[in-house]
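Coordinate inspection notes
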2 protein chains.
Amino acid sequence: MNAPRFGSLHEGTAPEQGAESFMELARAGGARVESIASRAVTNGAWYEQAWTEFVLLVAGGAALEFADSTIRELKPGDWALLPAQCRHRVAWTDTACETLWLAVHLPPG
Amino acid sequence: MNAPRFGSLHEGTAPEQGAESFMELARAGGARVESIASRAVTNGAWYEQAWTEFVLLVAGGAALEFADSTIRELKPGDWALLPAQCRHRVAWTDTACETLWLAVHLPPG
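To start, this report covers the structure provided alongside it. This one's a predicted model, so the numbers in the text were calculated from it and none came from an experiment. (Residues numbered from 1 in each chain as written. Chains lettered and ligands numbered in written order. Predicted model: local features only at pLDDT ≥ 70, side-chain atom pairs only at ≥ 80, totals over all residues. Heavy atoms only, no water.)

Turning to the overall build of chain A, a few remarks are in order. When its secondary structure is counted, chain A shows 0 helices and 9 strands. Helices (α) and strands (β) of chain A occur, in sequence order from the N terminus, as β-β-β-β-β-β-β-β-β. At 14 Å, chain A has a C-alpha radius of gyration in line with the 13 Å of a compact globule built from 109 residues. Summarising its shape, the C-alpha atoms of chain A cover approximately 45 × 35 × 20 Å along the three principal directions. For chain A, the proportion of contacts with a sequence separation of at least 24, taken over those separated by at least 6, is 63%. Carbon and sulfur atoms form 49% of the exposed surface of chain A, whose accessible area is close to 5,100 Å². Of the charged side chains in chain A, 8 are positive and 13 negative; the average position of the first set lies 3 Å away from that of the second. (Helix = DSSP H or I, 4+ residues; strand = E, 2+ residues; numbered from the N terminus. Rg over C-alpha atoms; globule rule 2.2 N^0.38 Å. Contact = heavy atoms within 4.5 Å. Areas by Shrake-Rupley, 256 points an atom, 1.4 Å probe, with all protein chains shown as cover. Lys, Arg positive; Asp, Glu negative; His and termini not counted. Charge placed at Lys NZ, Arg CZ, Asp CG, Glu CD.)

The next subject is the sheet that holds strand E3 (residues 31–38) of chain A. Taken together, 6 strands build an open sheet; the order of strands is E2(A)-E3(A)-E9(A)-E4(A)-E7(A)-E1(B) and the sheet is antiparallel. Unpaired on one side and paired on the other, strand E2 (20–28) of chain A together with strand E1 (5–8) of chain B mark the two borders of the sheet. Averaged over all pairs of adjacent strands, the angle between their axes in this sheet comes to 20 degrees, without regard to strand direction. Strand direction decides the pairing type here: E2 of chain A and E3 of chain A, joined by 8 bridges, are antiparallel. Paired with Ala26 of chain A across the strands is Val33 of chain A, a residue of E3 of chain A. (Pairing = 2+ DSSP bridges. Axes fitted to C-alpha atoms, helices over the stretch in contact; angles between N-to-C directions.)

It is worth spelling out the pattern of salt bridges at this point. All names here are of chain B. Applying the stated criterion to the full structure yields 12 salt bridges over all chains. A salt bridge links Glu65 to Arg89; the shortest N-O distance between them is 3.0 Å. Residue Glu65 is located in strand E5 (residues 62–66), and its partner Arg89 is located in strand E8 (residues 88–93); the two are separated by 24 residues in the primary sequence. As far as burial versus exposure is concerned, Glu65 and Arg89 are alike and both buried. (Salt bridge = Lys/Arg side-chain N within 4 Å of Asp/Glu carboxyl O. Buried < 20%, exposed > 50% of the residue type's maximum accessible area, 1.4 Å probe, protein only.)

Right, let's get into the interface of chain A and chain B. Note on interface size: it is often stated as the accessible area lost on association of the parts. With 37 residues of chain A at the contact, the number on the chain B side is 37 residues. Taking both sides of the interface into account, the surface hidden between chain A and chain B amounts to around 3,300 Å²; carbon and sulfur atoms contribute 72%. Summed over the shared surface of chain A and chain B, the result is 0 salt bridges. Taken together, the connections running from chain A to chain B amount to 8 residue pairs in polar contact (both at pLDDT 80 or more). (Buried area = accessible area lost by both parts, 1.4 Å probe. Polar contact = N/O pair within 3.5 Å; in protein donor to acceptor, adjacent residues only side chain to side chain.)

Before going further, it helps to spend a moment on the relation of the copies chain A and chain B. The operation relating chain A to chain B is a screw motion whose rotation component is 180 degrees, with 0.0 Å of axial translation and a residual RMSD of 0.0 Å. Expressed as a symmetry operation, the mapping of one chain copy onto the other fits a two-fold axis. Mapped onto chain B, 100% of the interface residues of chain A again fall at the interface, so both copies present the same surface. (Least-squares fit on C-alpha atoms with pLDDT ≥ 70 in both.)

All names here are of chain B. Mapped onto the elements, Ile71 comes out in strand E6 (residues 71–74). The class of Ile71 is partly exposed, set by a relative accessible area of 47%. Between the C-alpha atoms of Ile71 and Trp46, which are 25 residues apart in sequence, the distance is 13 Å.

Right, here's the structure in full:
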């Protein structure tokens, strides 16, 4: 079946205050594409993954924090490439509006 | 080496009128993430790929055309999942501003 599918990052379920919602949009050969909506997150969970993640900030605003306490602020259009074992978390996301991300989990190795 | 890298979709090379510019942002395990900037493209080249492509329209506006002549308009935040062998092309992109895309080429199979 080779019919295209369509959607919008703006049509996902709105997360609760301080929380995130995830939706898987595509998956093949060990790669995954997901959309993430965040609302006023502060000091999110730490991640240290066995694969590379590419993340694009599409709307809103946010900052990522790294193991060495570096904080990197992201605005719409900004992306981050997080190699395997790069420990990181969301430091904060915008408190005034929903923040939308596109995340690509690349195949390990 | 597990240091993160950062960038912005807005910082790529501006394409000529009627053209597109491509930049590879990440590659691993047969998956590729690239940014595409288009300026006033009309009737782009047809693609029929051996892998699934996920494409997100980040800024500007565009329409995709399919083998059955269906045209699908995309605005910022809209995405399309194009399965392998799904013949498609860019029908047009905004003539007033640059159109920015994020494309994810998923591993075949």
